[in-house]
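Residues per chain, in single letters:
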Amino acid sequence: MVKKHSIKVIRYENQLKNNWDGFVNEAKNGTFLFQRNFMEYHSDRFDDFSLMFFSDNELVALLPACKIDTICYSHKGLTYGGLIVKKECKFQLYKDIFTALIDFLNEQKFTELIMKTIPSIYCESGNDELTFLHQFYGSSVEMNIGSVIYKRKEIVFSKSIVRNAKNAQKKGIEIRKSNDFTTFWNDLLLPRLEERFSKKPIHSLDEIIYLKERFLNEIELYTAFLNDEMIAGTILFNNKNFVKSQYIASKSKYNKLGGLDLLHYEIIKNLKADYFDFGTSSEDLSTAENSNLLAWKEQFGARAIVFPTYTFKINQPKI
């Protein structure tokens, strides 16, 4: 018979920062987004409810989380989340951790738990425990579609991308790594998001500069210049085995010159990570795909992947 684990759950406190960050660095599914210096840049916007899980006094899991009324989110201010577990975590331990989590939230009078998990391909080993467990808790699941490029011997670009990239080079467009986040933000990103979607980025300029200062190697800005003018750019988040495109923007009047195509052609051609995450391609406030955006990413060799968000009713029966 498989032995069950006795799990103790405590709320995160500031004096546990080193324990938290050290565990994230060694976890099978930890990324720098779970470091406290990243999570707390927007601490004024969220009521933190992060949790730590111990078995026989050993830290075995974390839950980056916040709360709104009686709903616990993992984490509403992060792109993905879920239980962060040690590399050696086997299924029974994960199951016991999740059972302890549900019991703890029930004791704290929560009514729902909402978790958007990180896909297995971004982890050092399988990460689909919740995909299996959720069906026993009467939960619902929402899927958003994303686009990911798998590293292989040869990245397959469409003929139109290669042609556009070469034409952009002939027109004098150059790709540069830059630290000029202010120009990218104010001249490209803000106008583009307002023009196309009537919305603002998740981060503010001050926040992205704050994060860049604390994660010098993890956050990078790559840009396309025509003469001395920045005409396109993307902010990349570098993780252990994948690179995520966090923001992409260009100046509308230069779109036909192929700056964005050349920019991503060069980034992906020189990719050293296992995966390049182009981000989600869902319509705003829905799970329906943005077909044009999805098709553009697929021209670089990206293919579909889903990003699940699970909603658990806390008072549902447990297995």
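Computed from a prediction, not measured in an experiment: that's the story for all the values here.

## What about the nonpolar core?
Phe38, Phe184 and Ile235 are the most contacted members of the largest nonpolar core, which totals 46 residues. Once residues within four sequence positions are removed from consideration, Ile235 is found in contact with Phe181, Phe184, Trp185, Ile208, Ile219, Glu220, Leu221, Lys244, Ser245, Gln246 and Tyr247. Among the nonpolar cores identified, the runner-up in size contains 31 residues, and Val60, Leu83, Ala100 and Leu133 belong to it.

## Let's talk about the packing of aromatic side chains
Summed over the entire model, instances satisfying the criterion amount to 27 aromatic pairs. Measuring from centroid to centroid gives 6.1 Å for Tyr137 and Phe312, while their planes differ by 85°, and the two rings are edge-to-face. With Tyr137 in the loop between helix H4 (129-133) and strand S9 (140-150) and Phe312 in strand S15 (residues 303-313), this pair connects stretches of sequence that are 175 residues apart. We classify Phe312 as buried; its relative accessible area is 0%. In textbook terms, an aromatic cluster arises when at least three aromatic residues are bridged by ring pairs, as seen for Phe157, Tyr265, Phe276, Phe278, Trp296 and Phe300. The ring of Tyr12 carries the charged tip of Arg36 above its face, separated from the ring centre by 3.8 Å.

## Looking at the state of the cysteines
Counted under the stated rule, the structure contains zero disulfides. Of the cysteine sulfurs around Cys72, a residue in no disulfide, the closest is that of Cys66, at 7.3 Å. Among the cysteines around Cys89, which has no disulfide bond, Cys123 carries the closest sulfur, lying 12 Å off.

## Overview of empty space enclosed by the protein
Summary: where empty space remains is shown by rolling a probe the size of a single water molecule over the atoms. As enumerated under the stated definition, the model contains one cavity of 30 Å³ or more in all. Taken as a whole, the largest cavity spans an internal volume of roughly 30 Å³. Lining of the largest cavity is provided by Ala27, Lys28, Asn29, Gly30, Tyr122, Cys123, Glu124, Lys240 and Asn241. Here the lining of the largest cavity is built from residues that sort into three nonpolar, three polar and three charged.

## Describing the side chain of Ser55
Within the secondary structure layout, Ser55 lies in strand S3 (residues 51-55). Setting aside its immediate chain neighbours within four residues, Ser55 contacts His5, Ser6, Ile7 and Val60.

## Notes on the pattern of salt bridges
Applying the stated rule across the entire model yields 15 salt bridges. When the shortest N-O distance is used, the salt bridge between Lys87 and Glu124 registers 3.5 Å. A residue pair is termed long-range when its members are at least 10 positions apart, and Lys87 in the loop between strand S7 (84-85) and helix H3 (91-107) and Glu124 in the loop between strand S8 (112-116) and H4 qualify at 37 residues. Look at the salt bridges and you will find they share partners, linking Arg36, Glu40 and Asp48 into a network.

Criteria and cut-off values
- Residues numbered from 1 in each chain as written.
- Predicted model: local features only at pLDDT ≥ 70, side-chain atom pairs only at ≥ 80, totals over all residues.
- Heavy atoms only, no water.
- Core = buried A, V, L, I, M, F, W, Y, C linked by side-chain atoms within 4.5 Å.
- Buried < 20%, exposed > 50% of the residue type's maximum accessible area, 1.4 Å probe, protein only.
- Contact = heavy atoms within 4.5 Å.
- Phe/Tyr/Trp six-rings, centres within 6.5 Å; stacked < 30°, edge-to-face > 60°.
- Helix = DSSP H or I, 4+ residues; strand = E, 2+ residues; numbered from the N terminus.
- Lys NZ or Arg CZ within 6 Å of the ring centre and 35° of its normal.
- Disulfide = S-S within 2.5 Å.
- 1 Å grid on protein atoms, 1.4 Å probe; cavity = no way out; pocket = protein on both sides within 12 Å on 5 of 7 lines; lining within 4 Å.
- Points joined across faces, edges and corners; volume = space filled by probe spheres on them.
- Nonpolar A, V, L, I, M, F, W, Y, C, P; charged D, E, K, R; others polar.
- Salt bridge = Lys/Arg side-chain N within 4 Å of Asp/Glu carboxyl O.

These figures come from the coordinates and say nothing about function on their own.
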